[in-house]
Amino acid sequence: MFKNVIQYVLNFLFKTNTQTTKKEIDDNSKYAKLYESIDDINFSAIFSNKLANYTISDSTMNIEGDNARVDLLNKTGQSMWKKGKKIVSMAFGYGGVIIVPYVKGGKIYYNLVPQDRLTIDETDGELITGATVLAEKKVISGTISQTTYLRWTNYKVENGNMVITQQFSDDKGNKIPAPEFWKDIQEVRTITNVDRVLFGYIKSPINNRKANDKYGVPITYGCDATIMEIKETMKQLIREYELKECFVGADVTMFNGKNALPSNGLFKKIDSTSDDFFEVFDPQFRDYTTRLQELYKRLEHEIGTSYGILSEVDSQQATATEIKRSMYDTFTICDDMRSNIEKGMEDFFYACNVLANAFNLSPQGEYQLSFDWSYSLLEDTATEWSQLTYGLTKGVVKEVEIRQWLFPDETLEESQKAIDEIKEEQPSVDDLLGIRGGEE
């Protein structure tokens, strides 16, 4: 839908040009359709979900600082981090996803928007300074028909100021008045001292094999031939099982009368004329599983992951360290995605901070965004714990960092509070000797 109306919207609703080509719009639309498909086995979704688990599990994001602005941003950040696997899976599957913050009722919320609903209109180096987004879609059903409402947002940086323009249309791109449910949205707003669009963009780290990497590409980019071959082999395997279904052939007369045979899939009626009518034809079952394993490994190799995402890996004779090391290729993709997440989150919280200033949501204050990424994909937990505790004895690791490693869902403030409470409840040496407040 976006592909069909975007050019009309850019030309007539916003009267703006874009750096996004028609081919990029078509490609992004195709990637979205493939990732969202639920009619067949979806290898893009399988790899995206698996790699998102590896990327996010046991990792934490914190916004550090001691002021009201940090408290405000943390509420949005921690809520969003709980959906981290979904966000990362979408980025791998669509090729990229943008996180668009907005203000409602004095709080900052966000929308997740696939990159097929984004046009990049202007850039300044790596910063996006102009963009158009299909920000929201609502379908209202009536007794007979349903009506589709689209909300479009255009961002444009002009002389250090961000101009945000809202337009509303039907599903064909024709301009309509603001519907009642969007009446409270200001149609044009200017925010000063802004150098980039107000959203975060997390792109897939897969190489698009082009000089221009304006958009990301999905995890299975360039693997269509192998995926088709896998699906064809799966069909052959299903067909082989169907052909090997057994049956009992019986003369048609045996299906009549009181003790007739049942007419089901096991028995087949045969109008035979002689006792030697049948000749057994029972070729050996052709097992396609070995072929499938070869194709699974080829697909993993094309994508760049280690074996084991789809394929079966023989690890009976391997040590725990060897198994961890065998995951290095998968880890490098996850590590590249983590770098993209950090950049996207940096831009997202920049946007949140700008909106907090524009809407006077809290007093201004400095904040620091930090990530504590898990390396359990490569490291043994016992080894990692030993390293952390050794670092604590050497004074290079804080107690709160160890607490967060044990309880990654806690914020820094929650972990520090728990540590302080534990210390208060534990008796001191003086208490144990009974000399607190007195003499020996």
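In the block above lies the structure referred to throughout.
So, here is what we can say about the structure in this document. (Residues numbered from 1 in each chain as written. Predicted model: local features only at pLDDT ≥ 70, side-chain atom pairs only at ≥ 80, totals over all residues. Heavy atoms only, no water.)

Brief notes about a negative patch on the surface
Taken together, the side chains of Glu64, Asp66, Asp71, Asp372, Glu401, Glu413 and Glu414 make up a negatively charged region of the molecular surface. Take aspartate 372: it is sitting in strand β12 (residues 368-372). Aspartate 372 sits in the partly exposed class, given a relative accessible area of 35%. (Patch = residues over 30% accessible without salt bridge, like charges linked within 9 Å, V, L, I, M, F, W, Y side chains within 5 Å. Areas by Shrake-Rupley, 256 points an atom, 1.4 Å probe, with all protein chains shown as cover. Salt bridge = Lys/Arg side-chain N within 4 Å of Asp/Glu carboxyl O. Lys, Arg positive; Asp, Glu negative; His and termini not counted. Charge placed at Lys NZ, Arg CZ, Asp CG, Glu CD. Helix = DSSP H or I, 4+ residues; strand = E, 2+ residues; numbered from the N terminus. Buried < 20%, exposed > 50% of the residue type's maximum accessible area, 1.4 Å probe, protein only.)

Things to note about helix α7 (residues 289-303)
The end-to-end C-alpha distance of α7 is 21 Å, a good match for the 21 Å that 15 residues give at a rise of 1.5 Å each. Taken as a whole, α7 has its buried residues at Leu292, Leu295, Tyr296, Leu299, Glu300 and Ile303. Taken down its axis, α7 places every buried residue within 140° of arc, on the same side. In α7, those exposed residues whose orientation departs by more than 90 degrees from the buried face are Thr290 and His301. On its buried side, α7 packs onto α3 (43-56), α6 (224-243) and α9 (328-358). Looking one or two residues past α7, glycine 304 carries a phi angle of roughly 110°, positive in sign. (Expected span 1.5 Å × (residues − 1). Arc of directions from axis to C-beta. Contact = heavy atoms within 4.5 Å.)

Brief notes about the environment of valine 217
With respect to the element layout, valine 217 can be found in the loop between β9 (200-203) and α6. Classification of valine 217 as buried rests on a relative accessible area of 5%. Not counting chain neighbours up to four residues away, the residues in contact with valine 217 comprise Tyr31, Gly95, Ser204, Ile206, Asn207 and Asn208.

Some points on the nonpolar core
If you look at the biggest cluster of nonpolar residues, it comprises 55 residues, and the most contacted ones within it are Ile202, Leu299, Ile341, Met345 and Phe349. Tallying contributions element by element places α9 first for this core, with nine residues. Among all residues touching isoleucine 341, those that are not within four sequence positions of it are Thr55, Ile56, Trp81, Val88, Ile202, Phe371 and Trp373. Judged by nonpolar contacts, the second largest core, of 24 residues, contains Ile98, Val100, Leu118 and Ile164. (Core = buried A, V, L, I, M, F, W, Y, C linked by side-chain atoms within 4.5 Å.)

A look at the sheet that holds strand β6 (residues 146-158)
Pairing is antiparallel across the open sheet formed by five strands, whose spatial order is β4-β5-β6-β7-β8. Unpaired on one side and paired on the other, β4 (118-124) and β8 (188-191) mark the two borders of the sheet. This sheet shows a mean twist of 15° between the axes of neighbouring strands, independent of strand direction. Direction of pairing for strand β5 (residues 127-141) relative to β6: antiparallel, over a ladder of 11 bridges. Looking across to β6, one finds that lysine 138 is bridged to tyrosine 149. (Pairing = 2+ DSSP bridges. Axes fitted to C-alpha atoms, helices over the stretch in contact; angles between N-to-C directions.)

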